[in-house]
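# Inside the fold
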Amino acid sequence: MSGWRPAVPPIEGHLLRNSTRNILPVMCSRGQEQSLPPTTASSSFMELKITEQVLAGLMAHSREAAPYEACGYLAERNGVVLQMFPLTNIDQASDHFTMDPVEQFQAVREMREQGLKLRAVYHSHPETPARPSAEDIRHAADPHISYLIISLLAGVDPVRSFRIQQGIVEEEIVRPVA
């Protein structure tokens, strides 16, 4: 895989910035109405460096969890995502996820023991493109991490990453490294 900048399809009710800094009005998924958020997100260049091995692991975990959404954490060292921490989606649903809280604490403890830092939350969309839903945007509580989405749909970009802050979504480049 190589770094890429996919086009950003709209999701109603939120603003979404792609990597070229264009602000796009977006629509809610599942018919939910949302008020438009502020348009003051930072314009700094963003990318997520991730090993090809972790990318392959994300795809494998997403396929194993289907038809439900897969979820987990990604951890980095020196700015490169080196390890994934697959977690159980206790909702066992195809359109949302809730991480097992016991596994979350265990994953964070393991990261600290290994000198890793939480870099991203990931989840899969078994039946929809890799773009944040209104629910994803609403529940993105930490503006300092990335939100990576894996799609299992044929013909769409399978992996995309986003920064989400106060309802503003900015896509970042996913840059695979060896």
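Our subject in this report is the structure included herewith. (Residues numbered from 1 in each chain as written. Predicted model: local features only at pLDDT ≥ 70, side-chain atom pairs only at ≥ 80, totals over all residues. Heavy atoms only, no water.)

## Here's the deal with the environment of Pro 126
If you trace the backbone, Pro 126 turns up in the loop between β6 (117–125) and α3 (134–138). You can call Pro 126 buried: its relative accessible area is 12%. Considered as a pair, Pro 126 and Leu 152 are 26 residues apart in the sequence and their alpha carbons are 5.0 Å apart. The contact partners of Pro 126, leaving out residues within four places of it in the chain, are Pro 67, Tyr 68, Glu 69, Ser 94, Leu 152 and Leu 153. (Helix = DSSP H or I, 4+ residues; strand = E, 2+ residues; numbered from the N terminus. Buried < 20%, exposed > 50% of the residue type's maximum accessible area, 1.4 Å probe, protein only. Contact = heavy atoms within 4.5 Å.)

## Some words on the layout of surface pockets
In this model, the largest pocket occupies a volume close to 350 Å³. Around the largest pocket sit 19 residues that line it, and Phe 97, Val 121, His 139, Ala 140 and Tyr 147 are the ones nearest its centre. Per-element tally for the lining of the largest pocket: the top contributor is β6, with three residues. (1 Å grid on protein atoms, 1.4 Å probe; cavity = no way out; pocket = protein on both sides within 12 Å on 5 of 7 lines; lining within 4 Å. Points joined across faces, edges and corners; volume = space filled by probe spheres on them.)

## As for the side chain of Arg 163
For Arg 163, the location among the structural elements is in strand β8 (residues 159–165). A polar side-chain atom of Arg 163 sits 3.4 Å from a polar atom in the side chain of Glu 172. When near neighbours in sequence (up to four residues on either side) are disregarded, Arg 163 contacts Met 46, Arg 119, Pro 143, His 144, Ile 145, Ser 146, Ile 168, Val 169, Glu 170 and Glu 172. (Polar contact = N/O pair within 3.5 Å; in protein donor to acceptor, adjacent residues only side chain to side chain.)

## A closer look at the environment of Ala 140
Note that Ala 140 resides in the loop between α3 and β7 (146–151). Here the alpha-carbon distance between Ala 140 and Gln 166, two residues 26 residues apart in the chain, equals 8.5 Å. Beyond its immediate stretch of four places on either side in the chain, Ala 140 contacts Tyr 147 and Ile 164.

## Overview of helix α2 (residues 101–113)
Look at α2: 19 Å from first C-alpha to last across 13 residues, which is about the 18 Å you get at 1.5 Å a residue. Where α2 begins, the side chain of Asp 100 points an oxygen toward the backbone nitrogen of Val 102, at a separation of 2.8 Å. Downstream of α2 by one or two residues, Gly 115 has phi in the positive range, about 70 degrees. (Expected span 1.5 Å × (residues − 1).)

## Digging into the pattern of salt bridges
Taken as a whole and judged by the stated rule, the model has seven salt bridges. Each of Glu 76, Lys 117, Arg 119, Arg 163 and Glu 172 takes part in salt bridges that share partners, so that together they form one network. (Salt bridge = Lys/Arg side-chain N within 4 Å of Asp/Glu carboxyl O.)

## Description of the nonpolar core
Ranked by size, the top nonpolar core spans 19 residues in total, and within it Tyr 73, Phe 85, Met 111 and Ile 164 carry the most contacts. Where this core is concerned, the elements lending two or more residues are β4 (71–77), β5 (80–87), α2, β7 and β8. Here the element with the most residues in this core is β4; it accounts for three residues. Membership of the second largest hydrophobic core comes to 15 residues, among which are Val 54, Ala 120, Leu 148 and Ile 150. (Core = buried A, V, L, I, M, F, W, Y, C linked by side-chain atoms within 4.5 Å.)

## Some thoughts on helix α1 (residues 52–65)
If you check α1, its first and last C-alpha atoms are 20 Å apart, about what 14 residues at 1.5 Å a residue would give, namely 20 Å. Buried residues of α1: Val 54, Leu 55, Gly 57, Leu 58, Met 59, His 61, Ser 62 and Ala 65, and no others.

## Quick word on the pairing of strand β9 (residues 168–177)
Judged by how many residues are buried, β9 sits mostly within the fold: eight of 10 residues are covered. Pairing analysis gives five bridges linking strand β3 (residues 47–51) to β9, with the strands arranged parallel. By the bridge assignment, Lys 49 is partnered in β9 with Arg 175. Alignment of β8 against β9, held across five bridges, turns out to be antiparallel. Bridge pairing links Phe 162 to Glu 171 in β9. A loop of two residues connects β8 with β9, the two strands running antiparallel in sequence, and Gln 166 in this loop sits at a positive phi of about 50 degrees. (Pairing = 2+ DSSP bridges.)

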